[in-house]
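# Structure at a glance
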Amino acid sequence: HRLPRLSPGVLRAAAFLSAAVHAILLAAGVGRRLGQADGRPKCLLEFAGRSLLSRHCENLRACGVQQLTLCLGYGAEHIVTALEAESGPATLVHYN
């Protein structure tokens, strides 16, 4: 028996699916419209005891994301500190 020859499209799809899943998360908001008064960036606002950023990172990891690029703006140093404290071992995080 000869194995069937795979088309270039199937080979590209297989290469794509075997590559590391990468997500880009925008985390640059101040949160003025949310009435944020204590100076924290919007992504660090807590809902039911957990920050928005924490929830997004957990959901992305659950979906198989292995690399995360954060586009930071307001309060970048607070965001980096918060993420370093809870980052999962299976996720490589880049900051931009």
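Residues numbered from 1 in each chain as written. Predicted model: local features only at pLDDT ≥ 70, side-chain atom pairs only at ≥ 80, totals over all residues. Heavy atoms only, no water.

This part is about the overall build of the protein chain. Within the protein chain, the regular secondary structure consists of three helices and five strands. For the protein chain, the α and β elements follow one another from N to C terminus as α-β-β-β-α-β-α-β. The buried share among the 96 residues of the protein chain stands at 25%. By sequence separation, contacts in the protein chain at least 24 residues apart represent 64% of the contacts at least 6 residues apart. Carbon and sulfur atoms provide 59% of the accessible area of the protein chain, an area that totals close to 6900 Å². (Helix = DSSP H or I, 4+ residues; strand = E, 2+ residues; numbered from the N terminus. Buried < 20%, exposed > 50% of the residue type's maximum accessible area, 1.4 Å probe, protein only. Contact = heavy atoms within 4.5 Å. Areas by Shrake-Rupley, 256 points an atom, 1.4 Å probe, with all protein chains shown as cover.)

On to the side chain of S54. Within the fold, S54 resides in helix α2 (residues 52-62). Taking relative accessible area as the criterion, S54 reaches 9% and is therefore assigned buried. A distance of 3.2 Å separates a polar atom in the side chain of S54 from a polar atom in the side chain of R50. (Polar contact = N/O pair within 3.5 Å; in protein donor to acceptor, adjacent residues only side chain to side chain.)

With respect to the helices and strands, V21 occurs in strand β1 (residues 21-27). Expressed as a C-alpha distance, the spacing of V21 and Q67, which sit 46 residues apart in the sequence, is 6.4 Å. If we skip the residues at most four places from it in the chain, V21 touches G64, V65, Q66 and Q67.

Before going further, it helps to examine the pattern of salt bridges. Scanning the model with the defined rule gives one salt bridge in all. E58 is the partner of R50 in a salt bridge, and the nearest nitrogen-oxygen pair spans 2.6 Å. Residue R50 is classed as partly exposed on the basis of its relative accessible area of 27%. (Salt bridge = Lys/Arg side-chain N within 4 Å of Asp/Glu carboxyl O.)

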